[in-house]
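# Chain and residue survey
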Amino acid sequence: MIDKAKNTPTDGLAAETVAALNTAIAAAKAVNNDQESTVAQLTEAKTKLQSALDNLKTDKTALAKAIADANQEPVYIKNDSAVKTALQHAKNVYAAANPTPAEVNTAVNNLKSAINAAKKKETDAQTAAANAVAAAEGAKTAQSITAAQTLVDVVQDASVKFSTRSEERRVGKECRS
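Residues numbered from 1 in each chain as written. Predicted model: local features only at pLDDT ≥ 70, side-chain atom pairs only at ≥ 80, totals over all residues. Heavy atoms only, no water.

## Observations regarding the nonpolar core
Rules: We call a set of buried Ala, Val, Leu, Ile, Met, Phe, Trp, Tyr and Cys residues a nonpolar core when their side-chain atoms join them within 4.5 Å. Per-residue accessibility, obtained with a 1.4 Å probe over protein chains only, is compared with the maximum for each type, and a residue is labelled buried under 20%, exposed over 50%, and partly exposed between these values. Each helix is a run of H or I in the DSSP string that is no shorter than four residues. Each strand is a run of E no shorter than two, and both are numbered from the N terminus.
Membership of the largest hydrophobic core comes to 17 residues, with the highest contact counts inside it found for L63, I67, V83, A90, L111 and I115. Secondary structure elements with two or more residues in this core: α4 (61-71), α6 (81-95) and α7 (101-139). Here this core takes 7 residues from α7, the largest share from any one element. Among the nonpolar cores identified, the runner-up in size contains 14 residues, and A24, I25, V31 and L56 belong to it.

## Overview of the packing of α6 against α7
To be explicit about the condition: Between N-to-C directions, angles span 0 to 180 degrees; the directions come from axes that are lines fitted to C-alpha atoms, helices contributing only their stretch in contact. Every angle not falling under 35 degrees, over 145, or within 65 to 115 is termed oblique; those three ranges are roughly parallel, roughly antiparallel and roughly perpendicular. In this scheme the handedness of a crossing depends on how the near helix is turned from the far one: anticlockwise by less than a right angle means left-handed, clockwise means right-handed. We call two residues in contact whenever any of their non-hydrogen atoms come within 4.5 Å of each other. Under the convention adopted here, Pro, Cys and the residues Ala, Val, Leu, Ile, Met, Phe, Trp and Tyr are nonpolar, Asp, Glu, Lys and Arg are charged, and Gly plus all remaining residues are polar.
Two numbers describe how α6 lies on α7: the axes approach to 9 Å, and their chain directions differ by 160°. The pairing of α6 with α7 is recorded here as roughly antiparallel in orientation. As α6 runs across α7, the sense of the crossing is left-handed. Of α7, the residues touching α6 (which contributes A82, V83, A86, L87, H89, A90 and V93) are E103, V104, A107, N110, L111, A114, I115 and A118. Here the residues of the contact of α6 with α7 sort into 12 nonpolar, 2 polar and 1 charged.

## Looking at unusual backbone geometry
The backbone of K140 shows a phi angle near 55°, a positive value even though the residue is not glycine. Position of K140 relative to the elements: it lies in the loop between α7 and α8 (142-154).

## Section: the packing of aromatic side chains
What counts is decided by this rule: Any two rings among Phe, Tyr and Trp, with Trp reduced to its six-membered ring, count as a pair given centres within 6.5 Å; such a pair is stacked if its planes are under 30 degrees apart, edge-to-face if over 60, and tilted if neither. Any Lys NZ or Arg CZ found within 6 Å of a ring centre and within 35 degrees of that ring's normal is scored as a charge over the ring.
According to the stated counting rule, one finds 0 aromatic pairs in the structure shown. Here K60 stacks its cationic end above the ring of Y94, 5.3 Å away from the centre of that ring.

## Considering the environment of G172
Assignment of secondary structure puts G172 in helix α9 (residues 158-176). The class of G172 is buried, set by a relative accessible area of 2%. For the pair G172 and E137, spaced 35 residues apart in sequence, the C-alpha separation works out to 8.1 Å.

Next comes the structure, spelled out in structure tokens:
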């Protein structure tokens, strides 16, 4: 049993539970190597070692941080369907009694990827809107103004939308003059 405990993978497990396992391994080795150990001492060492193995818990620190970071994102990022799904899954994994390190890592990575994709989508929308407004300024046609309005409507960030909308309206007024 000592060898089983020594060979138990501990990557991704909570430091305090790994420390308890290492303490139990050291104690079991000491009892096992002591020629004067009684059966009761050997049994107790084995029981404590098994308990330490049973109590190994996954480290959820990175997952807790990813969830907290996601909750700090702007509403339009949190309302993205992929982010909502990944965040709910991450919360479910966090609430689980003892998810595997792989489950925790997957939840963290999926949540970060969903947030990054939502941010990229917003950045792309902002770039497209700004380019359309610039194109409308050059073309000065009703069609180009309408295209710019449509793309500005897609922008989610309120401050960027406001400034881009203001520019689009200025260009529209110039076209009508």
